[in-house]
Amino acid sequence: MAELDADLDHILPSSVLPPFWAKLVVGFVSLVCFARSYDGDFVFDDSEAIVNNKDLRAETPLGDLWHHDFWGSRLSSNTSHKSYRPLTVLTFRINYYLSGGFHPMSFHVTNILLHGGISVLMLDVFSVLLGGLQYTSRGRRLNLAPRSSLLAALLFATHPVHTECGLNAIFDILVIGKLNVLEMVQKVLHKDKSLENIRMLRNGGLLFRMTLLALGGAGVLYVRWKIMGTGPPAFTEVDNPASFADSVLVRAINYNYYYSLHAWLLLCPWWLCFDWSMGCIPLIKSAGDWRVTAPAALWLGLIGLICRALCSADRHRRRILTLSLGFLIIPFLPASNLFFRVGFVVAERVLYLPSAGYCMLLTFGFGALSKHTKKKKWIAAVILGILFINVLRCVIRSGEWRNEEQLFRSALSVCPLNAKVHYNVGKNLADRGNQTAAIRYYREAVRLNPKYVHAMNNLGNILKERNELQEAEELLSLAVQIQPDFAAAWMNLGIVQNSLKRFEAAEQSYRTAIKHRRKYPDCYYNLGRLYADLNRHVDALNAWRNATVLKPEHSLAWNNMIILLDNTGNLAQAEAVGREALELIPNDHSLMFSLANVLGKSQKYKESEALFLKAIKAHPNAASYHGNLAVLYHRWGHLDLAKKHYEISLQLDPTASGTKENYGLLRRKLEQMQKKDV
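Residues numbered from 1 in each chain as written. Predicted model: local features only at pLDDT ≥ 70, side-chain atom pairs only at ≥ 80, totals over all residues. Heavy atoms only, no water.

Under an unreviewed UniProt entry, the name given to the protein is Protein O-mannosyl-transferase TMTC4, and the organism recorded is Neovison vison. Per its UniProt entry, the protein bears the Sequence similarities (unreviewed entry) comment "Belongs to the TMTC family." The Pathway (unreviewed entry) field of the UniProt record for the protein holds the comment "Protein modification; protein glycosylation." (UniProt positions renumbered as here; feature names shortened; annotations may be inferred.)

*Asks:* Honestly, the nonpolar core in this entry has me stumped. Any pointers?
*Replies:* The tendency in soluble globular proteins is for nonpolar side chains to be buried side by side. Formed by 162 residues in total, the largest nonpolar core has its most connected members in Phe 126, Cys 273, Phe 274, Trp 276, Ile 281, Tyr 510 and Trp 544. Those residues in contact with Ile 281, other than ones at most four positions away along the chain, are Tyr 257, Tyr 258, Leu 261, Trp 276, Arg 291, Val 345 and Val 346. (Core = buried A, V, L, I, M, F, W, Y, C linked by side-chain atoms within 4.5 Å. Buried < 20%, exposed > 50% of the residue type's maximum accessible area, 1.4 Å probe, protein only. Contact = heavy atoms within 4.5 Å.)

*Asks:* Would you explain the side chain of Asn 449 in this entry?
*Replies:* Of note, Asn 449 is situated in the loop between α18 (435-448) and α19 (453-465). Owing to a relative accessible area of 13%, Asn 449 belongs among the buried residues under this scheme. Setting aside anything within four residues of it in sequence, one finds Asn 449 in contact with Val 238, Met 278 and Ala 419. (Helix = DSSP H or I, 4+ residues; strand = E, 2+ residues; numbered from the N terminus.)

*Asks:* Which parts of the structure should I look at to understand the UniProt feature "repeat: TPR" (unreviewed entry) in the protein?
*Replies:* Taken from the UniProt record, the annotation "repeat: TPR" (unreviewed entry) applies to residues 419-452, 453-486, 487-520, 521-554 and 623-656. The distance from the first to the last C-alpha atom of residues 453-486 is 8 Å, and the span holds 79% helix and 0% strand. Between the C-alpha atoms that bound residues 623-656 there is a distance of 9 Å. The span itself is 82% helix and 0% strand.

*Asks:* Looking at this model, I keep getting lost on the packing of aromatic side chains. Mind explaining?
*Replies:* To describe a pair of aromatic rings, one takes the distance between the centres and the angle between the planes. In total, this model carries twelve aromatic pairs according to the counting rule given. Here the aromatic rings of Phe 156 and Tyr 352 are separated by 5.4 Å at their centres, their planes lie at 80°, and the arrangement is edge-to-face. Look at Phe 156 and you get buried, because its relative accessible area is 2%. What makes Tyr 352 buried here is its relative accessible area of 18%. Pairing Phe 274 with Phe 408 gives two aromatic rings, centres 5.0 Å apart and planes at 50°, and the pair type is tilted. Highlighted residues: Phe 274 in the loop between α11 (248-267) and α12 (293-311) and Phe 408 in helix α16 (residues 404-414), separated in sequence by 134 residues. Here the aromatic residues Tyr 423, Tyr 442 and Tyr 452 are joined through ring pairs into a cluster of three or more. (Phe/Tyr/Trp six-rings, centres within 6.5 Å; stacked < 30°, edge-to-face > 60°.)

*Asks:* So what exactly am I meant to see when it comes to the environment of Asn 498 here?
*Replies:* Along the chain, Asn 498 turns up in helix α21 (residues 487-499). The class for Asn 498 is buried, based on a relative accessible area of 12%. With 31 residues separating them along the chain, Asn 498 and Arg 529 place their C-alpha atoms 9.3 Å apart. In this structure Asn 498 touches Phe 503, Ala 506, Tyr 510, Leu 530 and Asp 533, once residues within four positions along its chain are discounted.

*Asks:* Can you walk me through the state of the cysteines in this structure?
*Replies:* Cysteine pairs can be linked by a disulfide, which is a covalent bond between their two sulfur atoms. Under the definition given, this model contains one disulfide. Sulfur-sulfur distance for the disulfide between Cys 280 and Cys 415 comes to 1.8 Å. Between Cys 280 and Cys 415, the disulfide has an S-S torsion of -40° and is therefore left-handed. Placement of Cys 280 in the loop between α11 and α12 and of Cys 415 in the loop between α16 and α17 (419-431) is noted, with a sequence separation of 135 residues between them. By relative accessible area, which is 11% here, Cys 280 ends up buried. Of all cysteine sulfurs, the one in Cys 415 lies closest to Cys 273, which takes part in no disulfide; the gap is 3.9 Å. (Disulfide = S-S within 2.5 Å.)

Spelled out as structure tokens, the structure:
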């Protein structure tokens, strides 16, 4: 049994030590922690990574996954974030296929089960890392650290930082190769030319494996760079403000402060947020800022652990500390800003692997504490307390990730200075119809970040809907001034200008939007509405046709084409367009209604009736559907049916003047017919 395990002998009960029960406990605890989120919604980035990601759909060739980023954009594009995770996207696609669509529960359950499986596997990983790799004469691996590996696995399984979601060489050198790090350091310091360790590397095949690993890693990096094509992604200052600081010293201090925040999230994972950008963490600009003590404390702790790992007389402790530090530091290096700029300040997701190193260090610490104190029960109580608090925090945090409202509001207390948090709360409120509250949060987002063009765009849209057109125009004009290629803002500005009867300016705004986003069906639709208002019918039809070419399911564009052709007397062309539209969107009741009107005017009463009835079946409470069907029956001579549907229409909408007038005409006609019969 390993020495560390012996130190924990009186803390962990022996009843949970058999491998099967240990794995059962770890798996059960990990599921309990995150089970609360199993039936949650798609939230935050899920909409772009899953719901709107075309790479998940069958029509996208599988080969495209290897050339697209995590969000479904081509890696070679200048707008790509370069987040290359093709295997993750492939699992999303499989999940989408097996569950028959975008059902959040299947994705959440898969993630929970994956974390449970990883936690169980980490039990074996920790047993090797903490106890060493040894086999019996029959070739079975010995578990020399059952207690410490169980404790580390439980800490890993219950760490709340997991709610958001080069090492092989270290393992090979220290566990398989059994390299004596202290001896190697001493020989380097004393310039010892002994080749004993080098000979060991060659004889054990370690040097060959290290060379193979290095070449493989370099090959992967080269292939990825070739696929990315245009180099690293272009992040903005709000994503990572420290990386844009002019002073090297300011950048260095803030990077180290970010490291200390990540470390604090491992130590005290109560302070969690879905996004840490946009002013959430103000820059440290002077040595007088008290926050500089955080990186100082971090480096003091790390230097102490590194010295202990290199200089401890106990070889077993040196190995555990070195492996723990390797797991803690090496997986975090790509997120450290040392090699390239990253697109975040703090990200809980990058702590998944480092948390394994942290759990090993914590287990080592409890073992060392147990060895130097007689109050074993107090240590056991502390361990149970940490596990209980972690489980409680996981349950609470999983609940916060169930839907966007809870997730976004939970961030307000953690990052009140984060403009993106206020933006997302506002967007969620707007989606639920609470425009007044949404305006308040959008205004706060703009106040915190005066260049937040997306908040300006959304706020401008709400003001446009409330007919506060002057302020809406000011906001949208400012948004496109700050970001001239913001196509959505140009389109929305055009809508506002159209409402203000500034038609030339509106057309120019629409054209500018299309220049920056050539495949923009909604903008072509709005441009068509502008042309229709100006009686430029041919231009309107062309614009709407472009919208349907780019987006064949664009129901509004099809409808407007049918209605315009109908109103201008082009019934044959209107009928042809209506039939074409229904072939593409066969269940759209508004298209059925529009085509039924055209067929009725063409005296194709039977076919028109069938479409009206089908539209009413799909949308039975539409007063206009019943009213226009009544008009059809009125023309057709089915007066009793006409009377019935006029009455239904007026029950649904008593204020419809046209229906009232037609119903009055019908009643007079029926009265005259009755008098004749008498």
